[in-house]
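Chain residues, written in single-letter form:
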Amino acid sequence: MSSTFSAPKGTFDLLSPESEAYLAIREALAAPLRRAGYRYIETPTFEQTALFERGVGESTDVVSKEMYSFTTRGGDNLTLKPEGTAGVVRAVIQHRLHTGQLPVKLWYSGTYYRYERPQAGRYRHFSQVGAEAIGVDDPALDAEVIALGVTAYRDLGLSQVRLLLNSLGDKTCRPIYRAALVKFLAKLDLDAETRRRADINPLRVLDDKRPEVAKQVADAPVIVDSLCDECRAHYDAVRGFLADLGVSWEETPRLVRGLDYYTRTTFEFVHDGLGAQSAVGGGGRYDGLSEDIGGPELPGIGWALGVDRTMLAMKAEGIGSPATGACDVFGVPLGTAAKRRLVTVISELRERGISADLAYGDRGLKGAMKAADRSGAKLAIVLGDRDLEAGSAQLKDLASGEQAAVSLDELITTVEGRLR
Ligand code: AMP
């Protein structure tokens, strides 16, 4: 019996030209960060499970239900990273980056793993580009991080990304708010599962999209009304800097996020063309995270933008893929001597920075021309043994079909000129 394999549920293969679009999107999302002094960091695909339990928070769906955790042959408990921030903060502490210049500004790009129920825009293996600015608590830095996200989407041509903004308070004012919310929720008619959720993390109930819950929490107290003076001043300052930077936002007092470490500034980028999974990116300040994972007091602010959903948002707005990956020139050799020559011509074009490919496999004119058309190249160089003897090649414009003989001595410069 023969058996075939498919990619596991909730995962997918990225094939060209979409795969090229992904690369280009990752680059584009990172470009504003690189211009703003963020340095690239790569951390391992897996970390100690306890890092996420303590960093992301045991009450979150991510930690309680969605982690890919395993015990190694050596007995270590490890987890495929479900998000990027905990590993980056772990690395900052481990390598004592915080003892150098502050803030430590870092960016990363990678794949993350969550055992979620797969649906459009929600996968078990997905990519993010992330940014973290660590070691300084300055509202101007919150605004910088947010504005860089806004720039990234804008530079990709997206015009329908909205910024939702909230402050979640800090360890002074959040407990007081939380107590008020618990009191409010106790009076409601909630099912057992929601009540359990309310006991562990009452703020998450505000985020419940089911109408029967949403209706009941419509007039729940919101955190912005309970912010302490420091948090209020911080939030006002963030909004001031955002306004100065020309960033517009929507106050979203019910915005809470799926990871426990957020304090003060919290935000999400949403796109209305995506259906239920409307968040294309999100982030916030996480001033207690370093201490939660055994590090020094170290404030931080960051975001993660989803590459997959950014791609879907671009499709929804009808924005063409930013890269095709097609070659500019395709060589069609007809005969042994012609092939030897064309192999070196194609190599020389590549050396000069022109993307070029060749019909391999000695397919004959028809098959090779078909390959040239499929390659997406602008120009084909057709070289037969008789052309070679005559010292010329046929240069064909694959869009118009026009073809002309070009002397082999002038072939490279002619191709360069045609592509300019
Ligand atoms: P989070 O780390 O949950 O704040 O997510 C940040 C961004 O990553 C989201 O706004 C999404 O764009 C993306 N993302 C998170 N989870 C998934 C998933 N399961 N599938 C695809 N994208 C995701």
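Shown above is the structure to which this text applies.
Residues numbered from 1 in each chain as written. Predicted model: local features only at pLDDT ≥ 70, side-chain atom pairs only at ≥ 80, totals over all residues. Heavy atoms only, no water.

Participant: Is there a simple way to explain the side chain of His 234 in this structure?
Facilitator: Tracing the backbone shows His 234 in helix H9 (residues 229–244). A polar side-chain atom of His 234 sits 2.9 Å from a polar atom in the side chain of Asp 137. Beyond its immediate stretch of four places on either side in the chain, His 234 contacts Asp 137, Pro 139, Asp 142, Arg 264, Thr 265 and Arg 285. (Helix = DSSP H or I, 4+ residues; strand = E, 2+ residues; numbered from the N terminus. Polar contact = N/O pair within 3.5 Å; in protein donor to acceptor, adjacent residues only side chain to side chain. Contact = heavy atoms within 4.5 Å.)

Participant: What is the right way to look at the site of the ligand in this model?
Facilitator: The immediate surroundings of the ligand are formed by 14 residues, with Arg 114, Glu 116, Tyr 123, Gln 128 and Arg 257 found nearest. Here an oxygen atom of the ligand and a backbone polar atom of Gly 281 are 3.1 Å apart. A total of 480 Å² of accessible area belongs to the ligand in isolation, and the protein chains cover 92% of it. Counting residues per element, the ones that place at least two in the shell around the ligand are strand S6 (125–134), strand S10 (279–285) and strand S11 (300–306). Element by element, the count of residues in the shell around the ligand is highest for S10, at 3 residues. (Near = heavy atom within 4 Å. Areas by Shrake-Rupley, 256 points an atom, 1.4 Å probe, with all protein chains shown as cover.)

Participant: Before we go on, may I ask you to explain the pattern of salt bridges in this structure?
Facilitator: Pairing between side chains of opposite charge can happen when the charged atoms of each approach one another. All chains considered together, the criterion is met by 26 salt bridges. One salt bridge connects Arg 239 with Asp 236, and the closest N-O pair in it is separated by 2.7 Å. Here Arg 239 and its partner Asp 236 are both found in helix H9, 3 residues apart, which amounts to about one turn of the helix. With a relative accessible area of 41%, Asp 236 lands in the partly exposed category. Between Asp 397 and Arg 418 there is a salt bridge, and its shortest N-O distance comes to 3.9 Å. (Salt bridge = Lys/Arg side-chain N within 4 Å of Asp/Glu carboxyl O. Buried < 20%, exposed > 50% of the residue type's maximum accessible area, 1.4 Å probe, protein only.)

Participant: What should I look at first to understand the pairing of strand S4 (residues 77–80) in this one?
Facilitator: Looking along a regular strand, one sees side chains alternate from face to face of the sheet. In terms of strand pairing, strand S2 (residues 46–48) meets S4 through 3 bridges, oriented antiparallel. What sits directly across from Gln 48, in S4, is Leu 78. Direction of pairing for strand S3 (residues 69–71) relative to S4: antiparallel, over a ladder of 3 bridges. Considered in S4, the bridge of Thr 71 is made with Asn 77. (Pairing = 2+ DSSP bridges.)

Participant: Could you clarify how one ought to interpret the packing of aromatic side chains in this entry?
Facilitator: Centre distance and the angle of the planes are the two values used to describe a pair of aromatic rings. The final tally for this structure, using the stated rule, is 7 aromatic pairs. Ring centres of Tyr 40 and Trp 107 lie 4.8 Å apart, and the angle between their planes is 55 degrees; on these two criteria the pair is classed as tilted. Of this pair, Tyr 40 sits in strand S1 (residues 39–40) while Trp 107 sits in strand S5 (residues 104–113); the two residues are 67 residues apart in sequence, bridging distant segments of the chain. On the accessibility criterion, Tyr 40 (42% relative accessible area) is partly exposed. Relative accessible area serves as the criterion here: at 8%, Trp 107 is assigned to the buried category. Chaining the aromatic ring pairs together yields one cluster made of Tyr 153, Phe 267 and Phe 269. Its guanidinium or amino end placed over the ring of Tyr 115, Arg 124 lies 3.9 Å from that ring's centre, counting from NZ or CZ. Against the face of Tyr 235 rests Arg 239, its NZ or CZ located 3.8 Å from the ring centre. (Phe/Tyr/Trp six-rings, centres within 6.5 Å; stacked < 30°, edge-to-face > 60°. Lys NZ or Arg CZ within 6 Å of the ring centre and 35° of its normal.)

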